[in-house]
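If you want the building blocks of each chain, they are given just below.
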Amino acid sequence: MIAEITAKKLDTAGFIAARVAEIREAVGAGAAINALSGGVDSSVVTMLGHLALGTQLRTVFVENGLMREGEAARVAALFKKLGVRVEIVDARKEFFSALKGVTDPEEKREAITQTFYRKVFGRLVRASKARFLLQGTILTDVDETVAGIKRQHNVFAQLGIDPQKAFGYRILEPLIQLRKDGVRKVGAALGLPVELFNRIPFPGPALAARVIGEATPARIETARKATVVLERVLKSSRAFQFMAILHQDRVTGMRDGKRDFGQQIEIRCWDSIDARTAKPTRLPFATLERLAREIVRDVPGIVSVTYNIAAKPPSTMEAV
Ligand code: XMP
């Protein structure tokens, strides 16, 4: 049982000092490694690890081909400003070959997990001689995995899997007692720029979670382009999270005076505090219309745009 620290009760300075001390104590004079995705959780872990370990920590950004537009370079640049060196590792081929033909949501997650830990990251860790892996697992990930709602990609101990045996290294999870709102508070206290710690959450499986059915490079690119539009239009919205989902069904549309049996994008935009429950944001209709207009304009092959109005539960926030 993990003791929750609520955002309200969180003493950020004390929390940071305690986690930094724990990381130092665990790693000693050894080496640690962490993967930065640019999301809130891994950004906060990177900063905590950097404070605790300095150059004993190697931070890598695994380019899996499933990230948002320009993400790797953007994240590396932001951290460079904070004095943290981020190494970008191109693993796109490996991820897409693991995802080939995989359509089941849990099998997709599993393919990404295995490619990340066993292949790409496992290889990097072995080469680096690091024995410790810092990871940004939060309490919500644990809850939902234990409840069997979703297999989050980073919750080994709770599932009875020993990462030392299975993958050859020890995982440190300094954020495990927090939920998203607590992580954001820690991010702010660590001096991360607002654009990092206050970003909308983005799932580990990245755009593969936003594509129903097979995550091919072309389908991921479609979801990526739609995400660009969404992030542009909803930039200043106060929503907890929003996403563009590529559907598998085709629908008839019209383009340049011709019938086009095209693809559909579903938009979801959520109001939520901690992702456990969520309601669709009441976006102004004019905003929805602008989203539709710009998505069909900017994303090749899209002829239909829908907005999800069901709440979580029974919906989940992601569609995959
Ligand atoms: P759901 O879809 O479960 O999402 O209602 C709740 C929150 O968790 C994120 N999420 C994930 N994060 N790996 C992650 O790291 C996953 O497989 C995953 N699935 C969902 C989701 O974006 C939302 O913020």
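Residues numbered from 1 in each chain as written. Predicted model: local features only at pLDDT ≥ 70, side-chain atom pairs only at ≥ 80, totals over all residues. Heavy atoms only, no water.

Draft legend 1. Just the overall build of the chain, in detail. Counting its regular elements, the chain contains eleven helices and nine strands. Relative to the 2.2 N^0.38 estimate, which gives 20 Å for 320 residues, the radius of gyration of the chain is 20 Å and therefore close to what a compact globule would have. Seen along its three principal axes, the alpha-carbon backbone of the chain occupies a region of about 70 × 40 × 40 Å. Within the chain, the proportion of its 320 residues that are buried is 54%. In the chain, 75% of the contacts between residues at least 6 apart in sequence involve partners at least 24 apart. (Helix = DSSP H or I, 4+ residues; strand = E, 2+ residues; numbered from the N terminus. Rg over C-alpha atoms; globule rule 2.2 N^0.38 Å. Buried < 20%, exposed > 50% of the residue type's maximum accessible area, 1.4 Å probe, protein only. Contact = heavy atoms within 4.5 Å.)

Draft legend 2. Examining unusual backbone geometry more closely. A cis amide bond links Lys312 to the next residue, Pro313, at an omega of -10°. For the bond from Pro313 to Pro314, the omega torsion is 5°, close enough to zero to count as cis. Relative to the assigned elements, Pro314 resides in the segment after strand S9 (302-307). Located in the positive-phi region is Ala206, a residue other than glycine, with phi close to 55°. The topology assignment puts Ala206 in the loop between helix H9 (194-197) and helix H10 (217-233). Not every positive phi belongs to a glycine, and Ala275 is a case in point at roughly 75°. Inspection of the secondary structure puts Ala275 in the loop between strand S7 (258-271) and strand S8 (279-280). Relative accessible area serves as the criterion here: at 16%, Ala275 is assigned to the buried category.

Draft legend 3. Main features of the pattern of salt bridges. Considering all chains together, one arrives at 23 salt bridges under this definition. In this structure, Asp260 engages Arg255 in a salt bridge whose closest nitrogen and oxygen atoms are separated by 3.5 Å. For Asp260, a relative accessible area of 23% puts it in the partly exposed group. Here Arg255 falls in the partly exposed class, since its relative accessible area comes to 28%. Between Asp298 and Arg297 there is a salt bridge; the shortest N-O distance is 2.7 Å. (Salt bridge = Lys/Arg side-chain N within 4 Å of Asp/Glu carboxyl O.)

Draft legend 4. Representation of the side chain of Thr287. In this structure, Thr287 sits in helix H11 (residues 285-298). With a relative accessible area of 19%, Thr287 lands in the buried category.

Draft legend 5. Expanded view of the pairing of S7. By the bridge criterion, twelve bridges tie strand S6 (residues 241-255) to S7 in an arrangement that is antiparallel. Paired with Phe242 across the strands is Cys269, a residue of S7. Hairpin connection between S6 and S7: a loop of two residues separates the two successive antiparallel strands, and Asp256 in this loop has a positive phi of roughly 50°. In terms of strand pairing, S7 meets S9 through five bridges, oriented parallel. Looking at the pairing, Gln263 lines up with Ile302 of S9. Here S7 runs beside S8; their pairing, made up of two bridges, is antiparallel. Paired with Asp271 across the bridge in S8 is Lys279. (Pairing = 2+ DSSP bridges.)

Draft legend 6. Quick look at the packing of helix H4 (residues 92-99) against helix H5 (residues 105-128). Running from amino to carboxyl end, H4 crosses H5 at an angle of 145°, the nearest separation of the two axes being 9 Å. Of the two possible hands of crossing, H4 and H5 adopt the one that is right-handed. Along the contact surface, H4 presents Glu94, Phe95, Ala98 and Leu99, while H5 presents Lys108, Ala111, Ile112, Thr115, Phe116, Lys119, Val120 and Arg123. Residues belonging to the contact of H4 with H5 are distributed by class as follows: seven nonpolar, one polar and four charged. (Axes fitted to C-alpha atoms, helices over the stretch in contact; angles between N-to-C directions. Left-handed = near helix turned anticlockwise from the far one by under 90°. Nonpolar A, V, L, I, M, F, W, Y, C, P; charged D, E, K, R; others polar.)

Draft legend 7. Spotlight on helix H3 (residues 71-81). Every buried residue of H3 is listed here: Glu71, Ala72, Val75, Ala76, Leu78 and Phe79. For H3, the buried positions fall inside an angular range of 160° around the axis, keeping them on one side. Those residues of H3 that are exposed and angled more than 90 degrees off the buried face are Ala73, Lys80 and Lys81. The inward-facing, buried residues of H3 abut helix H2 (40-53), strand S2 (57-63), strand S3 (86-90) and H9. Taken from the residues just after H3, Gly83 is the one with a positive phi, measuring 85°. (Arc of directions from axis to C-beta.)

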